[in-house]
Amino acid sequence: MRTLLTGLCLILLTACRDHSVPDVSAIPVSLELVRFEDDFFALDTTDLSASLEQLKQRHPGFGDDFIKNILGLDEATMDRSTIETAIRKFISDYRGIYDAVGNRIPGLEKIKTDIEGSLRFVRHYFPEYVLPRQFITYIGPIDGYYQASLGGY
């Protein structure tokens, strides 16, 4: 009886699977590769306020997200000088990583192509879903930089 039940379950499981993969190669998907870290580490730290505004204009939405959600610097609750000091320190502390990585990230175009391929399946199964237009790279800390630099979380 146990063998019969196991056999029946296996038949049902294999019968329910559709092993065909839809051909999505004709679905147009194109991501723009944006190297945010290049613009961020090019900030003029002697005139950081103006330079940050230019960065936010070049990267609408993401510039603010990077500062608030990735660096942990909230302009709504922190004064401007504290934010600018923390950004200068982050640039100084992470300059070595940026210089070492530079534009030598291996396979970045391949990763972009793979993401575009995955987005073709998203478009196929969810045609109304609004796909991203950019693939943005950045260098950032694991935790909010400001809180981590103070020794707490």
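Preceding block: the structure.
What comes next is a walk through the structure. Everything numeric here is computed off the predicted structure, so don't read it as measured data.

Now for the pattern of salt bridges. Under the defined criterion, the tally for this structure stands at 12 salt bridges. The shortest N-O distance in the salt bridge between R88 and E84 comes to 3.9 Å. Of this pair, R88 and E84 both sit in helix α5 (residues 80–101), four residues apart, roughly one helical turn. Of the residues examined, E84 reaches a relative accessible area of 12% and is grouped as buried. Linked through salt bridges whose partners overlap, the residues forming this network are E53, K56, D64, E75, R80, E84 and R88.

Further remarks concern the environment of F121. Within the secondary structure layout, F121 lies in helix α6 (residues 108–125). Along the chain, F121 and V21 lie 100 residues apart, while their C-alpha atoms are 9.7 Å from each other.

On to the packing of helix α3 (residues 48–58) against α5, then. For any two helices packed against each other, the geometry comes down to the angle between their axes and how far apart the axes lie. Interhelical geometry of α3 versus α5 gives an angle of 80° and a closest axis separation of 11 Å. In terms of their interaxial angle, α3 and α5 are classed as roughly perpendicular. Of α5, the residues touching α3 (which contributes L48, S49, L52, E53 and K56) are R80, E84, I87 and R88. Residue composition of the contact of α3 with α5, by class: three nonpolar, one polar and five charged.

Bringing the packing of aromatic side chains into the picture now. Geometrically, a pair of aromatic rings is defined through the distance of the ring centres and the angle of the planes. In this structure the tally under the stated criterion is 13 aromatic pairs. Centre to centre, the rings of F62 and F66 are 6.3 Å apart; their planes meet at 40°, and the pair counts as tilted. Taken together, the residues F62 and F66, both in helix α4 (residues 62–70) and four residues apart, mark about one turn of the helix. The pair formed by F62 and F66 is uniform in burial state, with each residue classed as buried. Here the aromatic residues F36, F40, F41, F62, F66, F90, Y94, Y98 and Y138 are joined through ring pairs into a cluster of three or more.

What counts as what
- Residues numbered from 1 in each chain as written.
- Predicted model: local features only at pLDDT ≥ 70, side-chain atom pairs only at ≥ 80, totals over all residues.
- Heavy atoms only, no water.
- Salt bridge = Lys/Arg side-chain N within 4 Å of Asp/Glu carboxyl O.
- Helix = DSSP H or I, 4+ residues; strand = E, 2+ residues; numbered from the N terminus.
- Buried < 20%, exposed > 50% of the residue type's maximum accessible area, 1.4 Å probe, protein only.
- Axes fitted to C-alpha atoms, helices over the stretch in contact; angles between N-to-C directions.
- Parallel < 35°, antiparallel > 145°, perpendicular 65-115°, else oblique.
- Contact = heavy atoms within 4.5 Å.
- Nonpolar A, V, L, I, M, F, W, Y, C, P; charged D, E, K, R; others polar.
- Phe/Tyr/Trp six-rings, centres within 6.5 Å; stacked < 30°, edge-to-face > 60°.

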